[in-house]
Amino acid sequence: MTLPENLERVLPEIGRDLFDVLVIRTDFSDDEAWNAVVEELHRPWGPGGEFAAVVQLIDSPAWSEATADEVLAVVVDEDLVVVFLADRGTMKSPARALLALSTVWEDVSGLDPVYYQELIESPDPREFRALPAAVHGVQVDLALGNVDFAEYAGAASAEPDQALRPD
């Protein structure tokens, strides 16, 4: 897809707290599905809904059909450990599961296989799916270092639909 000249894939300057969830919409095929995702993202979360949901939404056609690699190439905030995409999979899924992308992953392509064979054969996961109701907990746990990305990816892969649910 070629972007019109006046559209650029850049993250706007946003005031972001460490616990704010960043969601980028990359699929514009279903506004009703998107609105359902946004509504769910803005619901209070945590045990008994005790925490306010703070979400930064990037809803610009410039991001239409952006791949995970294209998104990660633009995300340079060193405090941001995960970004969530509302992609085609999100819009088609009955659960509206977002794609969670780790911004902290190691490119193993240049490692010497003599010394790093295990890491090369089993790199850390870079993505998993999470229901909108789960993303706030994921953001907080990853930001604090309570849980690592691989643990969440493993928990998501154990679910029948491969999507992480809130605790």
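Residues numbered from 1 in each chain as written. Predicted model: local features only at pLDDT ≥ 70, side-chain atom pairs only at ≥ 80, totals over all residues. Heavy atoms only, no water.

Caption draft 1: Summary view of the packing of aromatic side chains. Scanning the model with the defined rule gives three aromatic pairs in all. Ring geometry for Phe128 and Tyr152: centres 6.2 Å apart, planes at 25 degrees, overall stacked. Here the residue Phe128 occupies a position in strand E5 (residues 127-130), and Tyr152 occupies one in helix H6 (residues 149-157), the gap between them amounting to 24 residues. Looking at Phe128, the relative accessible area reads 5%, which means it is buried. Exposure remark for Tyr152: the relative accessible area of 11% places this residue in the buried category. Three or more aromatic residues link up through ring pairs in this structure, and these residues are Phe128, Phe149 and Tyr152. (Phe/Tyr/Trp six-rings, centres within 6.5 Å; stacked < 30°, edge-to-face > 60°. Helix = DSSP H or I, 4+ residues; strand = E, 2+ residues; numbered from the N terminus. Buried < 20%, exposed > 50% of the residue type's maximum accessible area, 1.4 Å probe, protein only.)

Caption draft 2: Just the sheet that holds strand E1 (residues 21-25), in detail. Pairing is mixed across the open sheet formed by six strands, whose spatial order is E2-E1-E3-E4-E5-E6. Of all strands in the sheet, those with a lone pairing partner are strand E2 (55-58) and strand E6 (163-164), marking the two edges. In this sheet, E5 lies alongside strand E4 (residues 98-102) in antiparallel orientation, the contact comprising four bridges. Note that in E5 the partner of Leu98 across the bridge is Ala130. The strands touched by H6 are strand E3 (82-86), E4, E5 and E6; relative to E5, the strand with the most contacts, the crossing angle is about 55 degrees. (Pairing = 2+ DSSP bridges. Contact = heavy atoms within 4.5 Å. Axes fitted to C-alpha atoms, helices over the stretch in contact; angles between N-to-C directions.)

Caption draft 3: Spotlight on H6. For H6, the full list of buried residues reads Phe149, Tyr152, Ala153 and Ala156. In a view along the axis of H6, the buried residues occupy a sector of 100 degrees, so they form one face of it. (Arc of directions from axis to C-beta.)

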